[in-house]
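# Understanding the architecture of this molecule
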Amino acid sequence: MLAHSMRIAFVHNNKAYLSETEAYRGFFGRYGIDTVLVNKEEIKKLPCDVEWRYMGTDLSPRRRNVLKIHEYTSTSIPPWRKWKNLSKKWLNVEPDYRLFLNEYVKRSFGFEDDVPSGFRDMGIPDTWLQYASAPSTGEFDFVYLGDLGPVREPEKLLDCFATGHLRDRSILVVGKAGPLLKERYQQSGNISFIGPIPYEEVPLQLKRARFGLNFMIDKEPLNRQTSTKFLEYLAVGLPVVSTQYHWIMDFEQRYGGKYCYVEQDLADLRWDRVCGMIYDIPDLQSWTWEQQIRQSGVLDLIEDHWGGTFDDDLSF
């Protein structure tokens, strides 16, 4: 099969935008492979060569000559997270290949069949690394990027700026904030909400701040899953202030860097302490989307099925 006639359909689980989809589109587009993002209803009528599902549940039967990939970017969250994982293990159809964020996520589901699998961690666009040498504008003291859902308890962080010891410091909150969260802090002039914004605009928004905040509660499964915001802060050259938890401590041990760690209750998140720390950003070349996709095992799967290679000379 020729590359220009191949189509990969990414099936989202009620999420119309995912940063990894943009990364996949850019990667496979270089080889002339068509990529589309569809929902569960649209995929039923769409001709494609690879059905790539972000899980979720998938009860749909496999289609003839269509590779089915299940990608688990996270494990289930409370409440009843273990039962949710078990239900996915028991109910989901068997794919041709499974992708997991990391070993922790794979163990959480406990699949016991012979379906081959690989790992595709979160990544950063290599173009973002060019922002690292540019100075920040300093409009804000801090920036917080990402999920603001209740399970992440963002109020603990924002209360520090609204009524706590950082009420004379500013923070830019980039993400989808619900109306209740915005209403709670509408009287706090030092807290600014923006977003959702296009993915390509994220670096410019991050560079408006002096420090990136990686606030993560130390509870499973969140404390075992990759902090995308942390990687993105580092990619654009922001010094990072973070709570201490399992994943980030493991990252530091493996890849290095120096960060300002604060306690879970944020009692020591103080301006003089943040400014008095020495920061260092590690080499992130192994964390680019290009590298994460290439080492995932998916490329071998497609090559074996249709022939061709994903070489740098675009010879697929």
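Below or above, wherever it landed, is the structure these notes cover.

### Some words on the packing of helix H7 (residues 228-235) against helix H8 (residues 246-255)
Close contact between H7 and H8 brings their axes to 11 Å; oriented N to C, the two are set at 40 degrees. Between H7 and H8, the angle falls in the class oblique. Contacts from Phe230, Leu231 and Leu234 in H7 reach Trp247, Ile248 and Phe251 in H8.

### Some words on the sheet that holds strand S3 (residues 50-54)
Within a sheet, adjacent strands bond to each other through the backbone by hydrogen bonds, running parallel or antiparallel. Here six strands make up an open sheet; going across it, the order is S2-S1-S3-S4-S5-S6 and the pairing parallel. If you trace the sheet from one side to the other, it starts and ends with strand S2 (34-38) and strand S6 (117-119), each paired once. Adjacent strand axes in the sheet meet at a mean angle of 20 degrees, parallel and antiparallel pairs treated alike. Across five bridges, S3 lies against strand S4 (residues 67-72) in parallel orientation. Note that in S4 the partner of Trp52 across the bridge is Ile69. The strands that helix H11 (residues 298-306) touches are strand S1 (7-11), S3, S4 and strand S5 (97-100); relative to S4, the one it contacts most, it runs at about 175 degrees.

### Looking at unusual backbone geometry
Where the residue is not glycine, phi is negative for most of them; where a peptide bond is considered, it is trans in most cases. Residue Met55 is joined to Gly56 through a cis peptide bond whose omega torsion reads -25 degrees. Residue Pro221 is bonded to the preceding Glu220 through a cis peptide linkage, with omega at 5 degrees. Its place among the elements puts Pro221 in the loop between strand S10 (209-214) and H7. Unusually for a residue other than glycine, Glu153 sits at a positive phi of about 50 degrees. Turning to its location among the elements, Glu153 is positioned in the loop between strand S7 (140-145) and helix H4 (154-162). A relative accessible area of 18% means that Glu153 is categorised as buried.

### Points about the state of the cysteines
All chains considered together, the criterion is met by zero disulfides. Sulfur of Cys160: no disulfide; nearest cysteine sulfur belongs to Cys260 and is 13 Å away.

### Some remarks on the pairing of S10
Taken across its six residues, S10 has five buried, putting it largely inside the fold. Relative to S10, S7 is paired through three bridges, and the arrangement is parallel. Considered in S10, the bridge of Phe140 is made with Ala209. In this view, the connection linking S10 to its parallel neighbour strand S11 (residues 240-243) by way of H7 has right-handed handedness.

### Concerning empty space enclosed by the protein
Evaluated as defined, the whole model comprises one cavity of 30 Å³ or more. In this structure, the largest cavity encloses a volume near 30 Å³. Taken together, Leu157, Leu213, Asn214, Phe215, Val241, Ser242, Thr243, Val262, Leu266 and Leu269 make up the lining of the largest cavity. If you list the elements that add at least two residues to the lining of the largest cavity, you get S10 and S11. Of the residues belonging to the lining of the largest cavity, the class tally is seven nonpolar, three polar and no charged.

### Re a nonpolar patch on the surface
Residues Leu59, Trp90 and Leu91 make up a contiguous nonpolar surface patch of about 390 Å² in total accessible area. The topology assignment puts Trp90 in helix H2 (residues 81-91). Judged by its relative accessible area of 58%, Trp90 is exposed.

### Focus: the layout of surface pockets
Of the voids in this model, the second largest pocket is the one considered here, and its volume is about 480 Å³. Forming the boundary of the second largest pocket are 19 residues, of which Asn102, Glu103, Asp121, Asp250 and Arg254 lie nearest the centre. Elements with a minimum of two residues in the lining of the second largest pocket: helix H3 (103-109) and H8. Ranked by residue count, the leading element in the lining of the second largest pocket is H8, at six residues. Class assignment for the residues of the lining of the second largest pocket results in seven nonpolar, six polar and six charged.

### With respect to the pattern of salt bridges
Opposite charge on two side chains lets them pair, provided their charged atoms get close. Evaluation of the coordinates by the stated rule reveals 22 salt bridges. Among the salt bridges present, the one from Asp250 reaches Arg254, with a minimum N-O distance of 3.3 Å. With Asp250 and Arg254 both in helix H8, this residue pair falls four residues apart, about one helical turn. The partly exposed category is assigned to Asp250, whose relative accessible area is 28%.

### Considering H11
Residues of H11 that are buried include every one of Val298, Leu299, Leu301, Ile302, Glu303 and Trp306, and no others. Buried residues belonging to H11 abut S1, helix H1 (19-29), S3, S4, S5 and helix H10 (289-294). Residue Gly307 follows H11 closely and has a positive phi angle near 85 degrees.

Scoring rules and cut-offs
- Residues numbered from 1 in each chain as written.
- Predicted model: local features only at pLDDT ≥ 70, side-chain atom pairs only at ≥ 80, totals over all residues.
- Heavy atoms only, no water.
- Axes fitted to C-alpha atoms, helices over the stretch in contact; angles between N-to-C directions.
- Helix = DSSP H or I, 4+ residues; strand = E, 2+ residues; numbered from the N terminus.
- Parallel < 35°, antiparallel > 145°, perpendicular 65-115°, else oblique.
- Contact = heavy atoms within 4.5 Å.
- Pairing = 2+ DSSP bridges.
- Buried < 20%, exposed > 50% of the residue type's maximum accessible area, 1.4 Å probe, protein only.
- Disulfide = S-S within 2.5 Å.
- Right-handed = clockwise from strand over helix to strand, strands pointing away.
- 1 Å grid on protein atoms, 1.4 Å probe; cavity = no way out; pocket = protein on both sides within 12 Å on 5 of 7 lines; lining within 4 Å.
- Points joined across faces, edges and corners; volume = space filled by probe spheres on them.
- Nonpolar A, V, L, I, M, F, W, Y, C, P; charged D, E, K, R; others polar.
- Patch = residues over 30% accessible without salt bridge, like charges linked within 9 Å, V, L, I, M, F, W, Y side chains within 5 Å.
- Areas by Shrake-Rupley, 256 points an atom, 1.4 Å probe, with all protein chains shown as cover.
- Salt bridge = Lys/Arg side-chain N within 4 Å of Asp/Glu carboxyl O.

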